[in-house]
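# Survey of secondary and tertiary structure
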Amino acid sequence: MIKDFNGTIICASKYFSPDQLKIIYQKGYHDFGENRVQMMLEKIEALSDLDITWHFIGHLQSNKVKDIINHIDYLHTLDRLSVAKEIQKYRTGKIKCLIQLNLTEEPQKSGIYIDKLDQFLLEIKKYDKIELVGFMTMGKDQDEVETEEAFKKMYQLSVKYHLPLLSMGMTEDYHLAIKHHATHLRIGRKFYELLD
Ligand SMILES: *Cc1c(COP(=O)(O)O)cnc(C)c1O
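Read on for a plain summary of the structure. (Residues numbered from 1 in each chain as written. Predicted model: local features only at pLDDT ≥ 70, side-chain atom pairs only at ≥ 80, totals over all residues. Heavy atoms only, no water.)

Below, the discussion takes up the nonpolar core. Ranked by internal contacts, the top residues of the largest apolar core, which has 56 residues, are L78, I87 and F135. Of the residues forming this core, the biggest block, 5 residues, is contributed by helix α6 (residues 144-161). Each residue touching L78, except ones within four places of it in the same chain, is listed here: V83, A84, I87, C97, L98, I99, Q100, F120, I124, I130 and L132. Judged by nonpolar contacts, the second largest core, of 5 residues, contains L98, V133, M136 and L165. (Core = buried A, V, L, I, M, F, W, Y, C linked by side-chain atoms within 4.5 Å. Buried < 20%, exposed > 50% of the residue type's maximum accessible area, 1.4 Å probe, protein only. Helix = DSSP H or I, 4+ residues; strand = E, 2+ residues; numbered from the N terminus. Contact = heavy atoms within 4.5 Å.)

And the structure:
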């Protein structure tokens with residue numbers, strides 16, 4: 001489906017029913033990412049007999065952390081101390097986290113702005129349940145130039161801070177993400193090709 005990529009393809013499972021996800025799993029995709037807590041809990045339950053790595057990729061409200069945090073392998077959207085505090089309180093053991101960055105500086109989007117990153121990294125060190133492993137970002141809709149700038153920037157930050165995982169690239173812009181060293185693509189609608 002996607003060639004010339006050696007990293008992890010996460011199926012953004014919000015579009016698919018558990019039965020469709022079983023087919024996707026059987027075709028060799030074992031990493032799934034959900035956006036919503038309730039939906040994710042239902043799918044984890046429905047697919048509990050499969051060996052899936054679960055990524056939470058949506059906006060996470062701090063009051064929902066306790067419901068989901070012990071059911072997932074990766075949190076891609078850490079961007080607030082209120083969420084970090086709840087993780088510290090409710091997670092049993094460490095959880096691999098990626099910091100979500102708002103590199104296109106769109107106010108309607110989640111994520112840390114780059115000028116706040118040093119401060120955030122400093123504060124997050126207090127929480128030993130959080131194992132920082134990388135960064136996550138979204139491209140800018142309909143804007144390849146800005147999207148590529150953002151992906152390039154995120155790679156530079158990953159080198160600078162020694163945080164190796166780069167979660168970037170979706171159906172429309174994964175080719176740019178691969179070019180800029182993405183390690184994790186989050187692919188949704190393109191999986192319909194596999195189900196045809
Ligand atoms: C839905 C979603 C994706 C995948 O979207 P497509 O454009 O369908 O590939 C990736 N990341 C996040 C955070 C999403 O919500």
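Still more ground to cover, so stick around.
Attention now goes to the pairing of strand β5 (residues 95-100). Regular strands place their side chains on alternate faces of the sheet. Most of β5 sits out of view: 5 of its 6 residues are buried. When strand β4 (residues 74-78) meets β5, the two strands line up parallel, connected through 3 bridges. By the bridge assignment, L78 is partnered in β5 with I99. As for the winding sense of the linkage, the β-α-β connection from β4 through helix α4 (residues 81-90) to β5 is right-handed. Across 6 bridges, β5 lies against strand β6 (residues 130-136) in parallel orientation. Note that in β6 the partner of K96 across the bridge is E131. (Pairing = 2+ DSSP bridges. Right-handed = clockwise from strand over helix to strand, strands pointing away.)

Quick look at unusual backbone geometry now. One non-glycine residue with positive phi stands out, namely E105, at about 50°. What makes E105 partly exposed here is its relative accessible area of 47%. Positive phi is not limited to glycine here, since Q142 has a value of about 60°. A residue is classified by how much of its surface remains accessible, and Q142, at 79% relative accessible area, is exposed.

Interpretation in functional terms is not warranted from these geometric data alone.
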